[in-house]
Amino acid sequence: MRFAIGDATVDVIVDDDDFGLPLAEFLPGYDRGLIEAHRATLEPVFIDLARGVAKHAIQSFVVRTGGRTLLIDACIGEHKDIPEIPAWHRRRGSGFLDRLRASGIDPAGIDVVFCTHLHVDHVGWNTRQDNGRWQPTFPNARYLFGRRELADWMTQHDAGRAPPIHARALEQSVIPIVEAGRVDLVDDGHQLGPGLRLVPLPGHTSGQMGLMVDYAQHRAIFCGDAVHNPVQIFQPDLSTSSCADPQLARETRTKILAEAADSGRLVIPAHFRGPRCAHVRRDGGGYAPVLDARHG
Ligand SMILES: [Zn+2]
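Residues numbered from 1 in each chain as written. Predicted model: local features only at pLDDT ≥ 70, side-chain atom pairs only at ≥ 80, totals over all residues. Heavy atoms only, no water.

Participant: Teacher, can you tell me more about the coordination of the zinc ion here?
Facilitator: Geometry reference: four tetrahedral donors at a metal, ideal angle 109.5 degrees. Six octahedral donors, ideal angles 90 or 180 degrees. Distances from the zinc ion to its protein donors, D121 (OD), H122 (NE2), D225 (OD) and H271 (NE2), fall within 2.1 to 2.2 Å. For the zinc ion, the four donor atoms are set out with angles of 85 to 163° between them, so the coordination reads as irregular. (Donors = N, O, S within 2.8 Å, 3.2 Å for Na, K, Ca; no water. Tetrahedral: all angles 85-135°; square planar, octahedral: opposite > 155°, others 65-115°.)

Listed below in structure tokens is the structure:
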């Protein structure tokens, strides 16, 4: 699956294309009437209303531009201890690296790995198991972690306050990269190249960042988990139960949607299925996604 942003190509490498979460638990406060009104847009790809399930993909975006190859978010990985999610626990044979190679991308050819934030489903392929040790999966890459994001997680981890699922992700998929000397800590506003800028998207985690792409009239934002599901475009005040600060997440989401609607910016969240991305238009007092199959 490939789409373009100006001269850049974006390959979508899926690690899990059918990750369902109970609507009522994951999106508490969801407006059932609003979902019913937009059922034709949301079903069956993003929602199963009868079963009460919100449906997501776990995927990486590989951006090739200006002679460089950038991988955004590193998904689940293999052999990781994730007992909370049995399908991900010590899994193997996922085919993720085969799909990467089938898209013409060698792991050794990845120049930069950027994790929007350090949750378990965004860091997994940072490392792979090699003789019982965690080694960088992408041997020639620099790994970009938000300075504030890493500091906050390490503080929680060292105090024993990080939820176990994320503490283990730090130990297996983040700290080995730090110890291998492969990390560049980045701050808001960091430029990855012409037209490529990291921006703060706080709320889901305190230090989440997105990648803003501005190539003349071609605009996009890789926004991580600032938006999880198109339901939140119809209902922007709807934060998830996995958001650290739901109110701040709401403010961040609303800013992204307003700017996208005004500028024509393509919104590329980490977990959209279907076309994997959306344009946004104003709709009454709110917003609606424009899910353009050309991007699928
Ligand atoms: Zn996520």
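Participant: Could you clarify how one ought to interpret the pattern of salt bridges in this entry?
Facilitator: Opposite charge on two side chains permits them to pair, given that their charged atoms come into close proximity. Taken as a whole and judged by the stated rule, the model has 17 salt bridges. Of the charged contacts in the structure, one is a salt bridge between E84 and R168, with a shortest N-O distance of 2.6 Å. Taken together, the residues E84 in the loop between strand 5 (68–72) and helix 4 (96–102) and R168 in helix 7 (residues 164–179) connect sequence positions 84 residues apart. In this structure E84 comes out as partly exposed when scored by relative accessible area, which is 38%. The salt bridge partner of D184 is R142, with a shortest N-O separation of 2.8 Å. Placement of the pair is D184 in strand 10 (residues 183–186) and R142 in strand 9 (residues 142–146), with a sequence separation of 42 residues. By relative accessible area, which is 29% here, D184 ends up partly exposed. (Salt bridge = Lys/Arg side-chain N within 4 Å of Asp/Glu carboxyl O. Helix = DSSP H or I, 4+ residues; strand = E, 2+ residues; numbered from the N terminus. Buried < 20%, exposed > 50% of the residue type's maximum accessible area, 1.4 Å probe, protein only.)

Participant: Which parts of the structure should I look at to understand the pairing of strand 16 (residues 279–283)?
Facilitator: Sheet faces and side chains relate simply in a regular strand, where the side chains alternate between the two faces. Two elements, strand 16 and strand 17 (residues 286–290), share five bridges in a ladder whose sense is antiparallel. Directly across from D283, in strand 17, lies its bridge partner G286. In this antiparallel pair of consecutive strands, strand 16 and strand 17, the connection spans two residues, and G284 shows a positive phi of 60°. (Pairing = 2+ DSSP bridges.)

Participant: What's the story with the packing of helix 6 (residues 147–158) against helix 7 in this structure? I'm lost.
Facilitator: The description of two packed helices rests on the angle between their axes and on the distance between the axes. Between helix 6 and helix 7, the least distance of the axes is 11 Å, while the angle of their chain directions is 125°. On the basis of the axis angle, helix 6 is oblique to helix 7. Considering only the axes of helix 6 and helix 7, their crossing is left-handed. Together, L150, W153, M154 and H157 of helix 6 and H166, A167, L170, E171, V174, I175 and V178 of helix 7 make up the contact between the two elements. A breakdown of the residues in the contact of helix 6 with helix 7 according to their chemical character gives eight nonpolar, two polar and one charged. (Axes fitted to C-alpha atoms, helices over the stretch in contact; angles between N-to-C directions. Parallel < 35°, antiparallel > 145°, perpendicular 65-115°, else oblique. Left-handed = near helix turned anticlockwise from the far one by under 90°. Contact = heavy atoms within 4.5 Å. Nonpolar A, V, L, I, M, F, W, Y, C, P; charged D, E, K, R; others polar.)

Participant: I keep staring at the UniProt feature "domain: Metallo-beta-lactamase" (unreviewed entry) in the protein and nothing clicks. Help me out?
Facilitator: According to UniProt, the feature "domain: Metallo-beta-lactamase" (unreviewed entry) maps to residues 57–271 in the numbering used here. Taken as a whole, residues 57–271 contains 28% helix and 28% strand, while its terminal C-alpha atoms sit 5 Å from one another. (UniProt positions renumbered as here; feature names shortened; annotations may be inferred.)

Participant: Help me understand the environment of H204, please; the structure alone is not making it clear to me.
Facilitator: Positionally, H204 belongs in the loop between strand 12 (196–200) and strand 13 (209–215). As for H204 and H117, which are separated by 87 residues in sequence, their C-alpha atoms are 8.8 Å apart. For H204, the contacting residues outside a window of four places in its chain are H117, H119, D225, H228, T240, S242, C243, A244 and A249. Here D225 takes part through its side chain, which lies 3.2 Å from a polar atom of the side chain of H204. (Polar contact = N/O pair within 3.5 Å; in protein donor to acceptor, adjacent residues only side chain to side chain.)

Participant: Could you clarify how one ought to interpret helix 9 (residues 246–263) in this entry?
Facilitator: In an α-helix, one full turn covers 3.6 residues, which means residues spaced three or four apart are oriented alike. Between its first and last C-alpha, helix 9 extends 26 Å over 18 residues, near the 26 Å set by a 1.5 Å rise per residue. Against strand 14 (218–224), helix 8 (231–234), strand 15 (266–269), strand 16 and strand 17 lie the buried residues of helix 9. A positive phi of about 80° marks G264, the residue just after helix 9. (Expected span 1.5 Å × (residues − 1).)

Participant: Before we go on, may I ask you to explain unusual backbone geometry in this structure?
Facilitator: A negative phi angle is the norm for most residues apart from glycine, just as the trans form is the norm for most peptide bonds. Residue P44 is reached from E43 by a cis peptide bond, and omega for that bond is 5°. Residues other than glycine seldom take positive phi values, yet H79 does so here, at roughly 65°. On the secondary structure map, H79 appears in the loop between strand 5 and helix 4. For H79, a relative accessible area of 28% corresponds to the partly exposed category. Of note in this structure, R276 is not a glycine but carries a positive phi near 75°. Classification of R276 as buried rests on a relative accessible area of 4%.

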